[in-house]
Amino acid sequence: MSRVLVPLATGFEEIEAVSIIDVLRRADVEVLVAALNENMLVKGANGITIQADMQVKDVSAESIDMIVLPGGWDGTHALADDENVQNLLREMDAKGKNIGAICAAPFALNKAGVLKENYTCYPSVEEQIREEGYQGEKSMVVEDANVMTSRGPATALCFGLAIAKKLKGEDTYNALKEGLLASYCK
């Protein structure tokens, strides 16, 4: 069974985190929800609190197949400033393991030095990353090498589906897409 880490920091974007976690669990992917510190109750940008399963410091690159960062400005900055998250991103990239980020979170990938040439993010965040390689509205999900990125809350289901497709294959992707009524996802 594939294992995916979703680290949550105070101020994370709830729609993105929950959509990714939900879609991946429907795909029979083990999702580990991790907090940055010992406070296992993490409050999102819109006041919704989610209980984490563990702390990021207790996760190794060897124990997971992918790490996926939800956006939200405060959460993104916390992920970009967290030594454990940044080290884990670099270790995952060095091993060629899958990395994902949505909304503002590609900013944290860029800080770790793992963001590839082509990417997408929430509009205007590219100004704080780099405009070269920014795919804007061309696609809801952009994949370059081992890194997948997506635009924001409204693309979160499509992003989750794209991750499920990568980890579980076309049949799982098609079944989930049909069951979720997500025909708009490409």
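As the structure is a prediction and not an experimental result, all values here were calculated from the model. Along each chain, the written sequence defines residue order, and numbers are assigned to residues from 1. Given that the model is predicted, a residue must reach a pLDDT of at least 70 before its local features are reported, and side-chain atom pairs must reach 80 or more before they are shown or counted; all residues, however, enter totals for whole chains, interfaces and linings. As a rule here, side-chain values come from all non-hydrogen atoms in the structure, and water together with hydrogens is ignored.

Trainee: Would you explain the overall build of the protein chain in this entry?
Mentor: The numbering of helices and of strands both runs from the N terminus, where a helix is a DSSP run of H or I of at least 4 residues and a strand a run of E of at least 2. Scanning the protein chain for helices and strands turns up seven helices and nine strands. We compute the radius of gyration from the C-alpha atoms alone; for a globule the expected value is 2.2 Å times N to the 0.38, where N is the number of residues. Over its C-alpha trace the protein chain gives a radius of gyration of 15 Å, about what one expects of a compact globule, namely 16 Å for 186 residues. Along the first, second and third principal axes, the C-alpha set of the protein chain runs to 40 × 35 × 35 Å. Only heavy atoms enter the contact rule, under which two residues are in contact if any of them lie within 4.5 Å. Partitioning the intrachain contacts of the protein chain with sequence separation of at least 6 by distance along the chain shows that 63% fall at a separation of at least 24. When the accessible surface of the protein chain is totalled, it reaches about 8,200 Å², and 45% of it is carbon and sulfur. All tallies of charge rest on Lys and Arg as positive and Asp and Glu as negative; His and the ends of each chain are not included. Charge placement uses NZ in Lys and CZ in Arg. For Asp and Glu, CG and CD serve respectively. Distance from the positive charge centre (18 side chains) to the negative charge centre (28 side chains) of the protein chain: 3 Å. Residue burial considers only the protein chains on display, and all accessible areas are found by Shrake-Rupley using a 1.4 Å probe.

Trainee: Help me understand the side chain of Lys97, please; the structure alone is not making it clear to me.
Mentor: Structurally, Lys97 can be placed in the loop between helix H3 (83–94) and strand E7 (98–102). Buried and without a salt bridge, Lys97 has Asp65 as its closest oppositely charged side chain, separated by 5.0 Å. Counting of polar contacts relies on pairs of N or O atoms within 3.5 Å, with two restrictions inside protein: one atom must be capable of donating a hydrogen and the other of accepting it, and residues adjacent in sequence are counted only when both atoms are side-chain atoms. Only 2.7 Å separates the side chain of Lys97 from the backbone oxygen of Ala61, close enough to count as a polar contact. Discounting residues that sit within four places of it in the chain, Lys97 has contacts with Ala61, Glu62, Ile64, Asp65, Met92 and Asn146. Burial status follows relative accessibility: with a 1.4 Å probe on protein chains alone, a residue under 20% of its type maximum counts as buried, one over 50% as exposed, and anything between as partly exposed. What counts as a salt bridge is simple: a side-chain nitrogen of Lys or Arg found within 4 Å of a carboxyl oxygen of Asp or Glu.

Trainee: Sorry if this is basic, but what is going on with the state of the cysteines here?
Mentor: Here a disulfide denotes a covalent bond joining the sulfur atom of one cysteine to the sulfur atom of another. In what follows, a disulfide is any cysteine sulfur pair within 2.5 Å. Tallied over the entire structure, the rule returns one disulfide. Cys103 carries a free sulfur, and the closest cysteine sulfur to it, the one in Cys121, is 8.3 Å from it. According to the relative accessible area criterion, Cys103 is buried, its value standing at 9%.

Trainee: Can you help me understand the nonpolar core in this one?
Mentor: Nonpolar side chains in soluble globular proteins tend to end up buried together. For the purposes of this section, nonpolar cores are sets of buried Ala, Val, Leu, Ile, Met, Phe, Trp, Tyr and Cys residues that join through side-chain atoms within 4.5 Å. Among the nonpolar cores identified, the biggest contains 35 residues, and Val4, Val6, Leu8, Leu24, Val68, Phe159 and Ile163 are the most heavily contacted of them. When residues of this core are traced back to their parent elements, those giving at least two are strand E1 (3–8), helix H1 (14–26), strand E2 (30–35), strand E6 (66–69), helix H6 (156–168) and helix H7 (170–179). The leading source of residues in this core is H6, at eight residues. With sequence-adjacent residues up to four places away left out, Ile163 is seen in contact with Leu24, Met66, Val68 and Met148. Within the second largest apolar cluster, 33 residues are counted, among which are Leu5, Ala34, Val125 and Val147.

Keep in mind that these numbers describe shape and distance, not what the molecule does.
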